[in-house]
Amino acid sequence: MGKMRDKLKQYLKPGYYEKYDYHWGMTIDLDRCTGCEACVVACQAENNLPIVGEKRFKERREIKWLRVERYWEGEYPNIKLRFIPMLCQHCDQAPCETPCPVAATYHNQDGLNTQIYNRCIGTRTCAVYCPYEVRYFNWFTYKWDEPLEQQLNPDVTVREKGVMEKCTFCIQRIRQAKDHAKDDGRRRVRDGEVTPACVQSCPTKAMVFGDLNDPNSRVSKMYKNPRGYKVLEELNTLPKIVYLKKADSDV
Ligand code: SF4
């Protein structure tokens, strides 16, 4: 336990991730988001998420690594409709990581909150501790009817019953970009070379993804936008997604 505590303490030191090559982060501009959910569908297709069907949906067994939450601002008749895409915040002080009895969810050296499927024993403790409610449990082993199984992404594991899952920032694409950089004899991935499925599909370019260790990356510049805020920042989870509030927002 002492060792674990010491390990956690080093994550909290300012600049801990700067010694590593990458520190992936994202910004989502709510002024650009129209709530179209193209990002949701792209995530579903890229990461082999099952369509659970109406019955299971009503039983709250839906699996979505990215959801677009809808809420209202103001009082009728001066009421405004708002959207906020919600996905794993890849917190640098992730509350989901410490309670896992088998360390199936852990922080990798790129600052990603990762999930090891074949280590997960399905206690669902991590989901209880996640304040963003972005972890999803496989209550069943889902099947894709022929010929839909042919659309499965071969770079992504198809999860089985009893396994917890969540957004990975499309880690398979990060891996691929790193391999390309290595093949080209480059030490680092270029800014914009990694594009998660949600970022790629957004028609209004509301999402920006990149390396926070690179001060010249687009995401680093967007991070400094005065409209930026982090969801539930007061919990000190150090989320890595910065939301840019709507320009006409009162809150
Ligand atoms: S695709 Fe872009 S505009 Fe559409 S819901 Fe997602 S973030 Fe918003």
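Being a predicted model, the structure only gives us computed values, none of them experimental.

Engineer: Is there a simple way to explain the layout of surface pockets in this structure?
Structural biologist: A probe as big as a water molecule, rolled over the atoms, marks out the empty space that is left. Within this model, the largest pocket holds a volume of roughly 450 Å³. Taken together, 15 residues line the largest pocket, and the ones lying closest to its centre are Arg60, Arg61, Glu62, Arg135 and Tyr136. Breaking the lining of the largest pocket down by element, the ones donating at least two residues are strand E2 (66-73) and strand E6 (136-137). For the lining of the largest pocket, the per-class residue count stands at 7 nonpolar, no polar and 8 charged.

Engineer: Looking at this structure, how should I read the site of the ligand?
Structural biologist: Taken together, Cys33, Thr34, Gly35, Cys36, Glu37, Ala38, Cys39, Val68, Pro85, Cys202, Pro203 and Thr204 make up all the residues around the ligand. The cavity where the ligand resides is the largest cavity. In terms of residue class, the shell around the ligand is made up of 8 nonpolar, 3 polar and 1 charged.

Engineer: Quick question: what am I supposed to make of helix H2 (residues 38-46) here?
Structural biologist: Helical geometry: 3.6 residues make up each α-helical turn, so side chains three or four residues apart lie on a common side. If you check which residues of H2 are buried, you get Cys39, Val40, Ala42, Cys43, Gln44 and Glu46. Summarising the contacts, the buried residues of H2 are in contact with E2, helix H5 (171-183), helix H6 (197-201) and strand E8 (207-211).

Engineer: So what exactly am I meant to see when it comes to the nonpolar core here?
Structural biologist: Generally speaking, soluble globular proteins have nonpolar side chains that are buried together. Among the nonpolar cores identified, the biggest contains 49 residues, and Met26, Leu87, Phe169 and Tyr243 are the most heavily contacted of them. Dropping the residues within four chain positions of it, Tyr243 is found in contact with Ile28, Leu30, Ile84, Pro85, Met86, Leu87, Gln89, Arg227, Gly228, Tyr229 and Val231. In this structure, Val208, Val219, Met222 and Leu244 belong to the second largest nonpolar core, which totals 6 residues.

Engineer: Just to check I follow, could you spell out empty space enclosed by the protein for this structure?
Structural biologist: With the rule as written, the count across this model stands at 4 cavities of 30 Å³ or more. In this structure, the largest cavity occupies an estimated 110 Å³ of space. Along the walls of the largest cavity sit 14 residues, with Cys33, Thr34, Cys36, Cys39 and Cys202 positioned nearest its centre. Here the residues of the lining of the largest cavity are counted per class, giving 10 nonpolar, 3 polar and 1 charged.

Engineer: Got a minute to help me understand the pattern of salt bridges in this structure?
Structural biologist: Between side chains of opposite charge, a pair can form as their charged atoms come close. For the coordinates displayed, the defined rule picks out 16 salt bridges. We note a salt bridge from Arg227 to Asp29, for which the minimum N-O separation is 3.0 Å. With Arg227 in the loop between helix H7 (218-223) and strand E9 (228-229) and Asp29 in strand E1 (residues 24-29), this residue pair connects regions lying 198 residues apart in the sequence. Note on Arg227: relative accessible area 23%, which makes it partly exposed. In this structure Asp29 comes out as buried when scored by relative accessible area, which is 6%. In this structure, Lys58 engages Glu54 in a salt bridge whose closest nitrogen and oxygen atoms are separated by 3.0 Å. Placement of the pair is Lys58 and Glu54 together in helix H3 (residues 53-58), with a separation of 4 residues, close to one helical turn. You can call Lys58 exposed: its relative accessible area is 62%. With a relative accessible area of 59%, Glu54 lands in the exposed category.

Basis of the calculations
Residues numbered from 1 in each chain as written. Predicted model: local features only at pLDDT ≥ 70, side-chain atom pairs only at ≥ 80, totals over all residues. Heavy atoms only, no water. 1 Å grid on protein atoms, 1.4 Å probe; cavity = no way out; pocket = protein on both sides within 12 Å on 5 of 7 lines; lining within 4 Å. Points joined across faces, edges and corners; volume = space filled by probe spheres on them. Helix = DSSP H or I, 4+ residues; strand = E, 2+ residues; numbered from the N terminus. Nonpolar A, V, L, I, M, F, W, Y, C, P; charged D, E, K, R; others polar. Near = heavy atom within 4 Å. Sits in = over half its atoms within 2 Å of the grid points. Buried < 20%, exposed > 50% of the residue type's maximum accessible area, 1.4 Å probe, protein only. Contact = heavy atoms within 4.5 Å. Core = buried A, V, L, I, M, F, W, Y, C linked by side-chain atoms within 4.5 Å. Salt bridge = Lys/Arg side-chain N within 4 Å of Asp/Glu carboxyl O.

Functional significance is not addressed by these values, which are geometric in nature.
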